[in-house]
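# Residue-level structural notes
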Amino acid sequence: MQDCIFCKIAKKEIPSQVVYEDERILAFRDISPLAPVHVLIIPKEHLINVLDLNEKNVDLIGHIHLVANKLAREAGIAEKGFRIVTNCNEEGGQIVFHMHYHLIGGEELKNFA
Ligand code: 5GP
Ligand code: ZN
């Protein structure tokens, strides 16, 4: 989608620190990390947020969770713990309107999303 920053990151029009990629999703480091590990996992397809999920595309979420597990293990935060968060719409704290999951960890997490 034009003017979507995460679509541009997915197409490599804007650089990012990629930690995982396949045909459906991209994972890259958050530009202003809230914890030592802060990765964003996005579908390459432009979905606005979880409200855009339907019967046809919902298996994407299972895939994102498996990749989040893999990345958490690789980052060494799996055993101690981590958080997976997706914000939806304004009061949910969504700033970028291209669906994304935050994978956050590496320290004791307080209340942030
Ligand atoms: P939201 O509040 O929408 O759930 O989170 C958006 C996240 O995207 C924020 O944590 C913010 O730091 C991150 N972000 C915004 N723009 C960029 C960017 O251009 N590159 C990267 N790597 N992260 C970004
Ligand atoms: Zn987009």
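Preceding this paragraph is the structure being described.
Residues numbered from 1 in each chain as written. Chains lettered and ligands numbered in written order. Predicted model: local features only at pLDDT ≥ 70, side-chain atom pairs only at ≥ 80, totals over all residues. Heavy atoms only, no water.

### Topic: the environment of Leu53
Position of Leu53 among the secondary structure elements: in the loop between strand E3 (37–43) and helix H2 (59–74). Among the residues examined, Leu53 registers a relative accessible area of 24% and is labelled partly exposed. In this structure the C-alpha to C-alpha distance between Leu53 and Met99, which are 46 residues apart in sequence, comes to 9.8 Å. Discounting chain neighbours no more than four positions away, the residues touching Leu53 are Leu47, Val58, Ile61 and Met99. (Helix = DSSP H or I, 4+ residues; strand = E, 2+ residues; numbered from the N terminus. Buried < 20%, exposed > 50% of the residue type's maximum accessible area, 1.4 Å probe, protein only. Contact = heavy atoms within 4.5 Å.)

### A word on the coordination of the zinc ion (ligand 2)
Coordination sphere of the zinc ion (ligand 2), protein contribution only: Cys4 (SG), Cys7 (SG), His46 (ND1) and His98 (ND1), at 2.0 to 2.3 Å. Taken together, the four donor atoms coordinating the zinc ion (ligand 2) and their angles of 106 to 116° define a geometry best described as tetrahedral. Donor residues for the zinc ion (ligand 2), ordered by position in the chain, follow C-x2-C-x38-H-x51-H. Within this pair, whereas Cys4 is found in the segment before helix H1 (5–10), its partner His98 is found in the loop between strand E4 (82–85) and strand E5 (101–105), the two being separated by 94 residues in sequence. (Donors = N, O, S within 2.8 Å, 3.2 Å for Na, K, Ca; no water. Tetrahedral: all angles 85-135°; square planar, octahedral: opposite > 155°, others 65-115°.)

### With respect to the sheet that holds E5
Read across the sheet, five strands follow the order E1-E2-E3-E5-E4 without closing on themselves; strand pairing throughout is antiparallel. Since the sheet does not close on itself, it has two edges, and those belong to strand E1 (18–21) and E4, each with one partner. Looking at each pair of strands side by side, their axes are set apart by 15° on average, direction ignored. Against the sheet, H2 contacts E1, strand E2 (25–29), E3, E4 and E5, and its axis sits at roughly 20° relative to E5. (Pairing = 2+ DSSP bridges. Axes fitted to C-alpha atoms, helices over the stretch in contact; angles between N-to-C directions.)

### Digging into the pairing of E2
In summary, the side chains of a regular strand alternate between the two faces of the sheet. The buried count for E2 comes to four of five residues, which makes it a mostly enclosed element. From the end of E1 to the start of E2, which pair antiparallel, there are three residues. Relative to E3, E2 is paired through five bridges, and the arrangement is antiparallel. Paired with Ile25 across the strands is Pro43, a residue of E3.

### Remarks on the packing of aromatic side chains
Applying the stated criterion across every chain, the model contains one aromatic pair. A ring pair is formed by Phe6 and Phe28, whose centres lie 5.5 Å apart and whose planes are at 80°; its orientation type is edge-to-face. Of this pair, Phe6 sits in helix H1 while Phe28 sits in strand E2, and the two are 22 residues apart along the sequence. Each of the two residues, Phe6 as well as Phe28, counts as buried. (Phe/Tyr/Trp six-rings, centres within 6.5 Å; stacked < 30°, edge-to-face > 60°.)

### Some remarks on the site of ligand 1
Taken together, 16 residues lie around ligand 1, and Asp30, Gly93, Ile95, His100 and His102 are the ones closest in. In the environment of ligand 1, an oxygen atom lies 2.5 Å from a nitrogen or oxygen atom belonging to the side chain of Asp30. For ligand 1, an oxygen atom lies 2.7 Å from a polar atom in the side chain of His100. Out of a free accessible area of 520 Å², ligand 1 has 84% covered by protein chains. Put simply, the parts of the chain that give the shell around ligand 1 at least two residues each are H1 and E2. Classifying every residue of the shell around ligand 1 gives eight nonpolar, six polar and two charged. (Near = heavy atom within 4 Å. Polar contact = N/O pair within 3.5 Å; in protein donor to acceptor, adjacent residues only side chain to side chain. Areas by Shrake-Rupley, 256 points an atom, 1.4 Å probe, with all protein chains shown as cover. Nonpolar A, V, L, I, M, F, W, Y, C, P; charged D, E, K, R; others polar.)

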